[in-house]
Amino acid sequence: MYLEALHKKIKYSYLNGKKVKSLDLAINELTRITRDIVFERIIKLAGNVETRKMKNIRISHVASEKIDHCYIQFKTNSSWQVNSSQSGNHYVVTKSKNKCPVEYCPLSCTECKICVHSYECTCMDSVLYFNICKHIHACVTYAKEDGSIVVPTQDIQESLMFECLVNSTSISNSVKVVKPQEEAHADLVAKLEEALANLKTNQYDAEEYVKMTTLTDNLLLIQRKGSFQETSAINTKSFVEKQRFYSTKKKHGTKLDVSSPSCMDKK
């Protein structure tokens, strides 16, 4: 369906319903439609439009709240079995051993702090549609409440980095509003020098060192990412008139009603 729609769009919107035999003209039009598709994608991202994948992840998380924890069975440190309350089927949820290939995966659940590459399930929603199904959400929530698994330190750091990215916009905006740029820079440098001097002279507990390390990682992350620019919400729900396609078939001329001459015409 998508391929047919794209073919119709190329034929009628960009080629004006003509058969283009010249290769250079066809390449130019394909380049133009590629540019337009990329710009449409950028506009959707700038307007914070929720994609279909992100919407399915959110719907699955809401559906997972209806699953009772009595239907979840703990098997190993990285696998669970979810029993269906209606059909009697069994679904196995396993934690993926491979790390997410993307540093900050957009296909993630903000509440569970997991991405689509973190867990796998044997249900059709996860296998076919590559979605974080409701069984995965339920198992992660169950593991957090039950404490049956120990989350690795790397996962904790990634979750903290994720929260830092979400809240970095408000942090940077508050600094800009309260103080000018030069004054804020000097104040920040003075505080960092004071903290470094205290760290060299004093000794702290292990927990305090962990907290300070986390804050330092968040600071470095903000510096690497830079200040986030505010994007104004774009009205993406504006009505766009649907383009009507037209037929390219050659229309034959209307036939004339030719009748044999009458007797009066012969005279």
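Residues numbered from 1 in each chain as written. Predicted model: local features only at pLDDT ≥ 70, side-chain atom pairs only at ≥ 80, totals over all residues. Heavy atoms only, no water.

## Some thoughts on the packing of aromatic side chains
Rules: Any two rings among Phe, Tyr and Trp, with Trp reduced to its six-membered ring, count as a pair given centres within 6.5 Å; such a pair is stacked if its planes are under 30 degrees apart, edge-to-face if over 60, and tilted if neither. Counting from the N terminus, the helices are DSSP H or I runs at least four residues long and the strands are E runs at least two residues long. Burial classification: accessible surface area is computed with a 1.4 Å probe over protein chains only, and a residue below 20% of its type maximum counts as buried, one above 50% as exposed, and the rest as partly exposed.
With the rule as written, the count across this model stands at one aromatic pair. Ring centres of Trp80 and Tyr119 lie 6.2 Å apart, and the angle between their planes is 50 degrees; on these two criteria the pair is classed as tilted. Placement of the pair is Trp80 in strand S2 (residues 79–83) and Tyr119 in strand S6 (residues 119–121), with a sequence separation of 39 residues. We classify Tyr119 as buried; its relative accessible area is 10%.

## Structural notes on helix H5 (residues 134–146)
The line we're drawing: To estimate the expected span of a helix, count its residues, drop one, and scale the result by 1.5 Å.
Taking 1.5 Å of rise per residue, the 13 residues of H5 would be expected to cover 18 Å, and the 18 Å separating its terminal C-alpha atoms lies within 8% of that figure. Among all positions of H5, only His135, Ile136, His137, Ala138, Cys139, Val140, Tyr142 and Ala143 are buried.

## What about a nonpolar patch on the surface?
Our working rule: Residues with no salt bridge and a relative accessible area higher than 30% make up the patches, which join like charges within 9 Å and nonpolar side chains (Val, Leu, Ile, Met, Phe, Trp, Tyr) within 5 Å. The method behind every accessible area is Shrake-Rupley, applied with a 1.4 Å probe, and residues are considered shielded solely by the protein chains displayed. Salt bridges are defined as contacts in which a side-chain nitrogen from Lys or Arg sits within 4 Å of a carboxyl oxygen from Asp or Glu.
Among the surface-exposed residues, Met124, Val127, Leu128 and Tyr129 lie close enough to one another that they form a single nonpolar patch of about 470 Å² accessible area. Mapped onto the elements, Val127 comes out in helix H4 (residues 124–127).

## A few points about the pattern of salt bridges
Following the criterion strictly, the structure yields four salt bridges and no others. Salt-bridge contacts for Asp36 lead to Arg35; the nearest nitrogen and oxygen are separated by 3.2 Å.

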